[in-house]
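Here are the chains, one letter per residue:
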Amino acid sequence: MCGICGQFNFARNEPVEPDTIRRMTESIRHRGPDDEGYLISGPLGFGFRRLSIIDLAGGHQPMSDAEETVWVILNGEIYNFKELRADLEQRGHRFRTRSDTEVIIHGYKEWGTEVLNHLNGMFGLAIWDVKNHRLVVARDAMGIKLIYYRIANGQLTFGSEIRAIVAAENSKPEVDPVALNLFLRFRYTPSPLTILQGTRKLAPGTMLTVENGQCQEKRWYNYTPTPFSSPKEDEEATHELLELYRAAVRRHLLSDVPVGILLSGGIDSGLLLALMNEQGGPWPAYSVGYGKSFEDDELTDAAETAKLLGARHVPVKLNRAEFERSLPKIVECLEEPIAASSIVPMYFVSQRARQDVKVALIGQGPDELFGGYKRHLGVHYGDWWRWLPTVIRSSVSFVVDRLPRNETLKRGVSSLGSLDRMKRYQDVFSLAPAGIIDGLFRGDILPNRNGHELVNYWHSLIPQMAHTDELGGFQLLEVRSSLPDELLMYADKLSMAHSLEVRVPYLDRTVVEYVQRLAAGFKVRNGSRKWLHRRVCERYLPSHILKRKKRGFAVNVVDDWFHSSLKGQLQEMLLDESSIMFGLLSPKAVRRLLEAHQSGRRDNHKLLFSLVMLEQWLRGSWSRRERLISAAQDGLDAGHLAS
């Protein structure tokens, strides 16, 4: 687990500036405090910061083969590297380390870029093919790790975080209005866009290939789920899923350093802890709580689960003052605005876990894979709604639209009535109708005031939905877009801000690809969500845990704090016409949104939270570049003095 960065002058073939590569590398020191490494080779430069997890002595990067014909830098873990190594050794390859990185080198020599399809893991990586003068930069299939990049004037600059690119640039990045529009709709910016003009991020399962003066972006992961030839019986599917879980957890526990778990009071992390126990233990378990005064506090639930499963429970307690005080710092760690209240507990639980361990497993994934959110019920049963006569749907929609608040119900009724599958999915993801989002912008800002166009990235996913049912198609979009670009993005940034590696066993490729072949009835059945996943949980967890209310690090408490804060400091950002966001947005439109929320007519707290996060990000971003470059230069100067 590391931070990587690099630059390639592919058009002009001019030498890279070593100080630029060092400045970029220094900017991501927090991702890898244990080691650093560089490759400067004419027009190409690699920088690397290491958090040592596997092969502590022999895993230095950049890493090459013995002949120095292929070089690799890797951020992540390859969980099937031992199997790949055995296969490659049988093919005549000779290894010099025990590191998982080395299998990428020999795998590339054996299979070329097809090596990516052999990897089961999380990664952002770069491969420099010396003989062919070819650079390959890639992001893993599930998008657990990130790669940001910028192409300008025949030069490719890339890194694990945006700050590495900013550290290399001399220009001040500007906000992309199209990306901002998407952020306000979805609470995150979908790949390949970022909130900054000209700076992009690789979509999950895609790669950049730079060769012969040309840079091409393409999808390397083209898995298209097809239903099983013979329908699965319930018991058969339960057994197969359990075995896939067991194998995934066993792989994800591979480490030469201490491992723990981020434990909520729910069933997903509870099952994960139980599966970890089959491989060893006891494990330290870290949970977030807010005090007994909050009904949704789950420290008691998490402590009970930990005790039941023999883990050492470590509580982390937050309060509202800490929430408001820490928000700007957390937003800066994210680099892009993300409007998810769980960013606050994620930051603090990672901070505490890092005091004891370098690696923590987390239970993300089952909600997206098995339909754990209310929106999945709407998508699954949406056909019933569309089958109703138009006159009935129109009458119900009229009544629902006039209900006070109930925005989720209103969006569901509106979006699920669409006959266009992709538009239906996009509208379900949206916080508000396109017209409302577009109306927040100043008149001359958006190049095309039509929010009904599909997210461009999603077009390339349509062929992968060819054999999926309605729910399966929607979930494929979640796994390829909202999950990696929102939840996994902030999990990576906020854990690595503390030099903690977070692993997600439920998103092992073998698990995801199996579940995507299952019919919707294994996910939502008789109104019950996560049906098959819960069947596996029943084998490990008592019934009272299975019946607990879904909370997920008690983010409802943070939502309540935000509601309260709309009457104080955070509200001021929305009303102050000198707020930076009003260079792009209309103060009157934002004020109307706030007034409708405060009057009780509409529940706009999610969209208002998005606006606050945007303003927090903007206020930090204007001075961030100067501070970043200054800090990186200070680090370089200190290094020069030390040497």
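What counts and what doesn't
- Residues numbered from 1 in each chain as written.
- Predicted model: local features only at pLDDT ≥ 70, side-chain atom pairs only at ≥ 80, totals over all residues.
- Heavy atoms only, no water.
- Helix = DSSP H or I, 4+ residues; strand = E, 2+ residues; numbered from the N terminus.
- Buried < 20%, exposed > 50% of the residue type's maximum accessible area, 1.4 Å probe, protein only.
- Contact = heavy atoms within 4.5 Å.
- Areas by Shrake-Rupley, 256 points an atom, 1.4 Å probe, with all protein chains shown as cover.
- Pairing = 2+ DSSP bridges.
- Axes fitted to C-alpha atoms, helices over the stretch in contact; angles between N-to-C directions.
- Core = buried A, V, L, I, M, F, W, Y, C linked by side-chain atoms within 4.5 Å.
- Polar contact = N/O pair within 3.5 Å; in protein donor to acceptor, adjacent residues only side chain to side chain.
- Parallel < 35°, antiparallel > 145°, perpendicular 65-115°, else oblique.
- Left-handed = near helix turned anticlockwise from the far one by under 90°.

A. A look at the overall build of the chain. The number of helices and strands found in the chain is 26 helices and 19 strands. Residues counted as buried form 61% of the 643 residues belonging to the chain. Of the contacts made within the chain by residues no fewer than 6 positions apart, 74% connect residues no fewer than 24 positions apart. Split by element, the accessible area of the chain, about 24400 Å² in all, is 50% carbon and sulfur.

B. Examining helix α1 (residues 18–27) more closely. Where burial is concerned, most of α1 is hidden: seven out of the ten residues are buried. If you check which residues of α1 are buried, you get Thr20, Ile21, Arg23, Met24, Thr25, Glu26 and Ser27.

C. Main features of the side chain of threonine 20. If you trace the backbone, threonine 20 turns up in helix α1. Take threonine 20: its relative accessible area is 11%, and that puts it in the buried class. Look past the residues within four positions of threonine 20 in its chain and what remains in contact with it is Gln7 and Ala168.

D. Spatial organisation of the sheet that holds strand β10 (residues 200–201). The strand order across the open sheet formed by six strands is β2-β3-β1-β9-β8-β10, and the pairing between neighbours is antiparallel. Only two strands of the sheet have a single partner each, and these edge strands are β2 (35–41) and β10. Note that β2 and strand β3 (residues 44–50) share seven bridges and pair antiparallel. Across the sheet, residue tyrosine 38 finds its bridge partner in β3, namely glycine 47. Sheet contacts for α1: β1 (2–8), β2, β3 and β9 (155–159); angle to β1, the most-contacted strand, approximately 155°.

E. Spotlight on the nonpolar core. The biggest cluster of nonpolar side chains holds 167 residues, and the ones touching the most others in it are Leu180, Leu184, Ile343, Trp458 and Leu585. Excluding residues that lie within four positions of it along the chain, isoleucine 343 makes contacts with Leu327, Ile330, Leu334, Ile338, Tyr490, Leu494 and Met613. Phe8, Leu44, Phe158 and Leu208 belong to the second largest nonpolar core, which has 21 residues in total.

F. Up close: the side chain of lysine 201. If you trace the backbone, lysine 201 turns up in strand β10. Among the residues examined, lysine 201 registers a relative accessible area of 1% and is labelled buried. At a separation of 2.8 Å, a polar atom in the side chain of lysine 201 contacts the main-chain carbonyl oxygen of leucine 193. Within the structure, lysine 201 has its side chain in polar contact with the side chain of glutamate 336 (distance 3.2 Å). For lysine 201, the contacting residues outside a window of four places in its chain are Leu146, Ile147, Tyr148, Tyr149, Thr189, Pro190, Ser191, Pro192, Leu193, Thr194, Glu336 and Asp485.

G. Layout of unusual backbone geometry. Backbone torsion omega between glutamine 61 and proline 62 reads -5°, so that peptide bond is classified as cis. Relative to the assigned elements, proline 62 resides in the loop between β3 and β4 (63–64). Across the junction of serine 191 and proline 192, the peptide omega takes the value 5°, indicating a cis bond. Among the secondary structure elements, proline 192 is positioned in the loop between α5 (177–186) and β10. A positive phi angle is found at histidine 133, which is not glycine, with a value near 50°. With respect to the element layout, histidine 133 can be found in the loop between β6 (121–129) and β7 (134–139). You will see that lysine 530, though not glycine, has its phi angle at about 55°, which is positive. Tracing the backbone through its elements, the reader meets lysine 530 in the loop between β19 (528–529) and α21 (531–537). Residue classification places lysine 530 among the buried residues on the basis of a relative accessible area of 8%.

H. Summary view of the packing of helix α2 (residues 81–90) against helix α3 (residues 101–111). Here α2 crosses α3 at 45°, and the two axes come no closer than 10 Å. The angle between the axes of α2 and α3 places the two elements in the oblique class. At the point where α2 passes α3, the crossing takes the left-handed sense. For the pair formed by α2 and α3, the contact residues are Phe81, Leu84, Arg85, Asp87 and Leu88 on the first element and Val103, His106, Gly107, Glu110 and Trp111 on the second.

I. Representation of helix α7 (residues 267–277). Counting buried residues along α7, ten of its eleven residues qualify, which places the element largely inside the surrounding structure. Along α7, the residues classified as buried are Ile267, Asp268, Ser269, Gly270, Leu271, Leu272, Leu273, Ala274, Leu275 and Met276.

J. Structural detail: the sheet that holds β6. Taken together, the six strands give an open sheet; going across it, the order is β4-β5-β6-β7-β11-β12, and neighbouring strands pair in antiparallel fashion. In this open sheet, the two edge strands, each paired with only one partner strand, are β4 and β12 (214–219). Summarising the sheet, β6 and β7 pair through six bridges and their orientation is antiparallel. When the bridges of β7 are listed, leucine 125 appears paired with alanine 138.

No statement about biological role is implied by the geometric values presented.
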